[in-house]
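Below, each chain spelled out in residue letters.
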Amino acid sequence: AGNAVVGKVSEHASWSANYFGKIVKQALEANGHNPDLVATVTGMAEAGVALVKDTLVDKIIFTGSTPIGRKVMESAAENL
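The following paragraphs examine the structure supplied in this document. These numbers come from a predicted model, not from an experiment.

Note that Gly48 resides in helix H2 (residues 45-53). Considered as a pair, Gly48 and Ala30 are 18 residues apart in the sequence and their alpha carbons are 30 Å apart.

Following this line, the structure appears as structure tokens:
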């Protein structure tokens, strides 16, 4: 049990995000926690849309531009 975190990052930052994700997983495991509680998703906009439309997603935190934020909000609104 636990609260899993999935980070969808820009397709322009996939290497650094995956590297950071590996460090977080190592820290979790070193402290006796399940490293699978953290996942990093890379890809184009379609990957983000699929995440925010998924009915298993309870919370969304967005950092980015206003136009993309509106698209995230529109996609997520279907599951409110």
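Right, let's talk about the packing of H2 against helix H3 (residues 66-76) for a bit. Two numbers describe how H2 lies on H3: the axes approach to 8 Å, and their chain directions differ by 40°. One element, H2, and the other, H3, form an angle in the oblique class. When the axes of H2 and H3 are compared, the crossing they make is right-handed. Of H3, the residues touching H2 (which contributes Val49, Val52 and Lys53) are Val72, Ser75 and Ala76. Residues of the contact of H2 with H3, tallied by class, amount to 4 nonpolar, 1 polar and 1 charged.

Considering the arrangement of structural elements, one finds Ser16 in helix H1 (residues 14-30). Taking relative accessible area as the criterion, Ser16 reaches 42% and is therefore assigned partly exposed. Considering only alpha carbons, one finds Ser16 and Ala47, 31 residues apart in sequence, at a separation of 18 Å. Reaching out from Ser16, the side chain makes a polar contact with the backbone oxygen of Ala13 at a distance of 3.3 Å.

On the surface, Val57, Ile60, Phe62 and Ile68 cluster together to form a nonpolar patch covering roughly 300 Å² of accessible area. Mapped onto the secondary structure, Phe62 falls in the loop between H2 and H3.

Right, let's get into the pairing of strand E2 (residues 38-41). In the sheet, strand E1 (residues 5-8) pairs with E2 via 4 bridges, with the strands oriented parallel. From the neighbouring strand, Lys8 faces E2, where its bridge partner is Val41. For the segment spanning E1, H1 and E2, crossover handedness is right-handed.

Moving on: the side chain of Ser75. By the element assignment, Ser75 lies in helix H3. The exposure class of Ser75 is buried, given its relative accessible area of 12%. With residues near it in sequence (within four places) discarded, Ser75 still touches Val49, Val52 and Lys53.

Calculation rules
- Residues numbered from 1 in each chain as written.
- Predicted model: local features only at pLDDT ≥ 70, side-chain atom pairs only at ≥ 80, totals over all residues.
- Heavy atoms only, no water.
- Helix = DSSP H or I, 4+ residues; strand = E, 2+ residues; numbered from the N terminus.
- Axes fitted to C-alpha atoms, helices over the stretch in contact; angles between N-to-C directions.
- Parallel < 35°, antiparallel > 145°, perpendicular 65-115°, else oblique.
- Left-handed = near helix turned anticlockwise from the far one by under 90°.
- Contact = heavy atoms within 4.5 Å.
- Nonpolar A, V, L, I, M, F, W, Y, C, P; charged D, E, K, R; others polar.
- Buried < 20%, exposed > 50% of the residue type's maximum accessible area, 1.4 Å probe, protein only.
- Polar contact = N/O pair within 3.5 Å; in protein donor to acceptor, adjacent residues only side chain to side chain.
- Patch = residues over 30% accessible without salt bridge, like charges linked within 9 Å, V, L, I, M, F, W, Y side chains within 5 Å.
- Areas by Shrake-Rupley, 256 points an atom, 1.4 Å probe, with all protein chains shown as cover.
- Salt bridge = Lys/Arg side-chain N within 4 Å of Asp/Glu carboxyl O.
- Pairing = 2+ DSSP bridges.
- Right-handed = clockwise from strand over helix to strand, strands pointing away.

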